[in-house]
Amino acid sequence: MKIEQIKEKFEIDVGAPMPTILSNEHNLYLIFYISNIDPNWNGTSVDMRTEEDEGIVTVKFDCFAQFKFGSPNDEAISGHPLYELGLEAYSIQRVIDSEWINELKKMNSVHPYHKDELFEKYEHFIFFFHDRCFEIVSEGYSIEENTKSNIRDEIERISKLI
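Calculation rules
Within each chain, residue numbers correspond to sequence positions counted from 1 in written order. Only residues with pLDDT of at least 70 are given local features in this predicted model, and only at 80 or more are side-chain atom pairs given and counted; all residues enter the totals for whole chains, interfaces and linings. The basis for the side-chain values is all heavy atoms of the structure; hydrogens and waters are excluded. Elements are defined by DSSP. Helices are runs of H or I of four residues or more, strands are runs of E of two residues or more, and each kind is numbered from the N terminus. Computation of the radius of gyration draws on C-alpha atoms, with the globule rule given as 2.2 Å multiplied by the number of residues to the power 0.38. Relative accessibility thresholds used throughout: buried, under 20% of the residue-type maximum; exposed, over 50%; partly exposed, between the two (1.4 Å probe, protein chains only). Whether two residues are in contact is decided by their heavy atoms, any of which lying within 4.5 Å being enough. Surface accessibility in these figures is a Shrake-Rupley result with a 1.4 Å probe; residues are shielded only by whichever protein chains are displayed. Charge counting follows a simple rule: Lys and Arg are positive, Asp and Glu are negative, and His as well as the terminal groups are ignored. Charged groups are reduced to one reference atom each: NZ for lysine, CZ for arginine, CG for aspartic acid, CD for glutamic acid. As used here, the term nonpolar core means buried Ala, Val, Leu, Ile, Met, Phe, Trp, Tyr and Cys residues forming a set that is joined through side-chain atoms within 4.5 Å. Each polar contact in these results corresponds to two N or O atoms within 3.5 Å; when the atoms are within protein, one needs to be able to donate a hydrogen and the other to accept it, and residues that are neighboring in sequence are counted only if both atoms are side-chain atoms.

## Examining the overall build of the chain
Thought 1: In terms of regular secondary structure, the chain is built from two helices and nine strands.
Thought 2: For the chain, whose C-alpha radius of gyration is 17 Å, the value lies close to the compact-globule estimate of 15 Å for 162 residues.
Thought 3: Counting only C-alpha atoms and orienting by the principal axes, one finds that the chain spans roughly 60 × 40 × 25 Å.
Thought 4: When burial is assessed residue by residue, the chain has 39% of its 162 residues classed as buried.
Thought 5: The contacts of the chain with a sequence gap of at least 6 include a subset with a gap of at least 24, amounting to 73%.
Thought 6: Counting only carbon and sulfur atoms, one obtains 47% of the accessible surface of the chain, whose full area is about 9,800 Å².
Thought 7: Positive and negative charge centroids in the chain, built from 16 and 31 side chains respectively, lie 5 Å apart.

Right, here's the structure in full:
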């Protein structure tokens, strides 16, 4: 196993990205705030994000097999089983030769129509935020960045799609 960093055009907000998940059994949407530092900020105050703040990313995962959302946070990242492989906070990563995918394949092997090849399309991704870690096994994802939208409005929009 190894960790591969995925670089996008944005940076995950390090203070309060407020990751939000909307899902049905076929698709999953992960919505979060991206870094939006005021060029006039003097570093003396903290600006808390709210659901009305603008500058989000929506990640759509197609045909996911399973996901995890929760611990560890950025302060406990060294306790994550993949930390020694280079796992980083506030980043997006792909796990190469994932044990999690192998576990899913093994669980499914009792199915009468199981084929190992069906699991070759899956990838293991990690989105590491400030207070939460999101991991998913899916066929891939697409990203929509919207600097003029907020989480509240995006939840409403996505709710109509799923």
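## Thoughts on the nonpolar core
Thought 1: L30, F32, F61, F127 and F134 are the most contacted members of the largest nonpolar core, which has 17 residues in total.
Thought 2: Mapped onto this core, the elements with two or more residues apiece are strand 3 (27-33), strand 4 (56-62), strand 7 (123-128) and strand 8 (133-138).
Thought 3: The residues contacting F127, other than those within four sequence positions of it, are L30, F32, V59, F61, S91, I92, R132, C133, F134 and Y141.
Thought 4: One finds I77, L82, F128 and C133 within the second-largest nonpolar core, a separate group that totals eight residues.

## Focus: the side chain of D13
Thought 1: Along the chain, the position of D13 falls in the loop between strand 1 (2-6) and strand 2 (20-23).
Thought 2: D13 gets classed as buried once you look at its relative accessible area, which sits at 10%.
Thought 3: Here G15 takes part through its backbone nitrogen, which lies 2.7 Å from a polar atom of the side chain of D13.
Thought 4: At a separation of 2.9 Å, a polar atom in the side chain of D13 contacts the main-chain amide nitrogen of A16.

## As for the side chain of S98
Thought 1: For S98, the location among the structural elements is in the loop between strand 6 (91-96) and helix 1 (99-108).
Thought 2: Overall, S98 belongs to the buried group, its relative accessible area being 4%.
Thought 3: A polar contact is formed between the side chain of S98 and the backbone nitrogen of I101, at a distance of 3.3 Å.
Thought 4: Setting aside residues up to four positions removed in sequence, S98 forms contacts with M1 and H124.

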